[in-house]
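In case you want the letters, here they are:
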Amino acid sequence: MVIGLTGVMGCGKSTVGNVFMEFGFGFIDTDQIVHELLNEESEVLLAVREHFGDKVCDSEGKVDRGKLAGIVFSETAELKWLEALLHPQVRKRWQKQTDGDTSIPWVVEVPLLFEKKLEKYFDFTICVSTSPENQLARRQAMGLSDTQIKARIALQWSLGDKIKRSDFVLSNNGPTAFIRQQIISLNERLSIF
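Residues numbered from 1 in each chain as written. Predicted model: local features only at pLDDT ≥ 70, side-chain atom pairs only at ≥ 80, totals over all residues. Heavy atoms only, no water.

1. Regarding the pattern of salt bridges
For the structure on display, the rule yields seven salt bridges. In this structure, Arg 93 engages Glu 36 in a salt bridge whose closest nitrogen and oxygen atoms are separated by 3.5 Å. Here Glu 36 lies in helix 2 (residues 30-40) and Arg 93 lies in helix 5 (residues 76-100), a separation of 57 residues in the sequence. Judged by relative accessible area, Arg 93 falls into the partly exposed class, the value being 28%. In this structure, Glu 115 and Lys 162 form a salt bridge, with 3.0 Å as the shortest nitrogen-oxygen distance. (Salt bridge = Lys/Arg side-chain N within 4 Å of Asp/Glu carboxyl O. Helix = DSSP H or I, 4+ residues; strand = E, 2+ residues; numbered from the N terminus. Buried < 20%, exposed > 50% of the residue type's maximum accessible area, 1.4 Å probe, protein only.)

Below is the structure:
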């Protein structure tokens, strides 16, 4: 079983993914795969440097994600170029991992799951929801400016739209124990673990 986990920035998707791991799930964070591709995959690094130049690299020649984000989240054409480079490779990596170990259920965190029409790759989808106050506090804790936060949010569907499209919704408005209980209840309905 492979579950697609989504939500908006600051809803606590990674926290929910980690709770699933406590129940024996494998957990894949696609943002982490992007990070690995940008820093470890020479083919990707070369393509990024050829396209954007050294202005997106740090002193060691590695991609500076902050500099790259500053460009792609302000220029739609550049974001589309980067997504065309990265997204197929990200999908290939998580599919290889989930296909490679079918002895456990998997949760794959995909922030743009519906925006990129990836729901067909999952047995079902879960959206993590939270209050606007919790979202704001978590976004600020990420160290992003209000301008950076607004630019990234503008590229995602609203939480309401994601909730409507998801098979299930988990509320991340309480302590971690609250998420655990919801996952236990979901298991009682679906026998997912």
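The structure having been displayed, the exposition proceeds.
2. Looking at the environment of Thr 98
With respect to the secondary-structure elements, Thr 98 resides in helix 5. Not counting the four nearest positions on each side in its chain, Thr 98 is found in contact with Val 2, Ile 28, Trp 106 and Val 108. (Contact = heavy atoms within 4.5 Å.)

3. As for the packing of helix 2 against helix 3 (residues 42-52)
Here helix 2 crosses helix 3 at 80°, and the two axes come no closer than 6 Å. One finds that helix 2 runs roughly perpendicular with respect to helix 3. On the side of helix 2, the interface is formed by Leu 37, Leu 38 and Glu 40, while helix 3 contributes Ser 42, Val 44, Leu 45 and Val 48. Here the contact of helix 2 with helix 3 is composed, by residue class, of five nonpolar, one polar and one charged. (Axes fitted to C-alpha atoms, helices over the stretch in contact; angles between N-to-C directions. Parallel < 35°, antiparallel > 145°, perpendicular 65-115°, else oblique. Nonpolar A, V, L, I, M, F, W, Y, C, P; charged D, E, K, R; others polar.)

4. Thoughts on the packing of aromatic side chains
Tallied over the full model, the rule gives six aromatic pairs. Residues Phe 114 and Trp 157 carry aromatic rings whose centres are separated by 6.3 Å and whose planes lie at 10° to one another, so their mutual orientation is stacked. In this pair, Phe 114 is assigned in the loop between strand 3 (106-109) and strand 4 (124-129) and Trp 157 in the loop between helix 7 (146-153) and helix 8 (159-165), connecting sequence segments 43 residues apart. The class for Trp 157 is partly exposed, based on a relative accessible area of 28%. An aromatic cluster is built from Trp 94, Tyr 121 and Phe 122, whose rings are joined through pairwise contacts. (Phe/Tyr/Trp six-rings, centres within 6.5 Å; stacked < 30°, edge-to-face > 60°.)

5. Notes on the sheet that holds strand 4
Here five strands make up an open sheet; going across it, the order is 2-3-1-4-5 and the pairing parallel. A strand with exactly one partner marks an edge of an open sheet, and here the two such strands are strand 2 (26-29) and strand 5 (168-171). Averaged over all adjacent pairs, the angle separating strand axes in this sheet is 25°, with direction ignored. When strand 1 (residues 2-7) meets strand 3, the two strands line up parallel, connected through four bridges. The residue of strand 3 that forms the bridge with Leu 5 is Glu 109. (Pairing = 2+ DSSP bridges.)

6. Focus on the side chain of Glu 115
Mapped onto the secondary structure, Glu 115 falls in the loop between strand 3 and strand 4. We classify Glu 115 as buried; its relative accessible area is 15%. If we skip the residues at most four places from it in the chain, Glu 115 touches Leu 155, Gln 156, Trp 157 and Lys 162.

7. Let's talk about the pairing of strand 5
Taking every second residue as pointing to the same face, the buried face of strand 5 carries Phe 168 and Leu 170, while none of Val 169 and Ser 171 on the other face is buried. Note that strand 4 and strand 5 share four bridges and pair parallel. Bridge pairing in strand 5 links Ser 129 to Ser 171.

8. Some words on the packing of helix 1 (residues 13-22) against helix 9 (residues 176-190)
Following both chains from N to C, one finds helix 1 and helix 9 inclined at 60°, their axes separated by 10 Å at the closest point. Compared by their axis directions, helix 1 and helix 9 come out oblique. Crossing of helix 1 against helix 9: the hand is right-handed. Two secondary-structure elements touch here, helix 1 through Val 16, Val 19, Phe 20 and Glu 22 and helix 9 through Thr 176, Ile 179, Arg 180 and Ile 183. Partitioned by chemical class, the residues of the contact of helix 1 with helix 9 number five nonpolar, one polar and two charged. (Left-handed = near helix turned anticlockwise from the far one by under 90°.)

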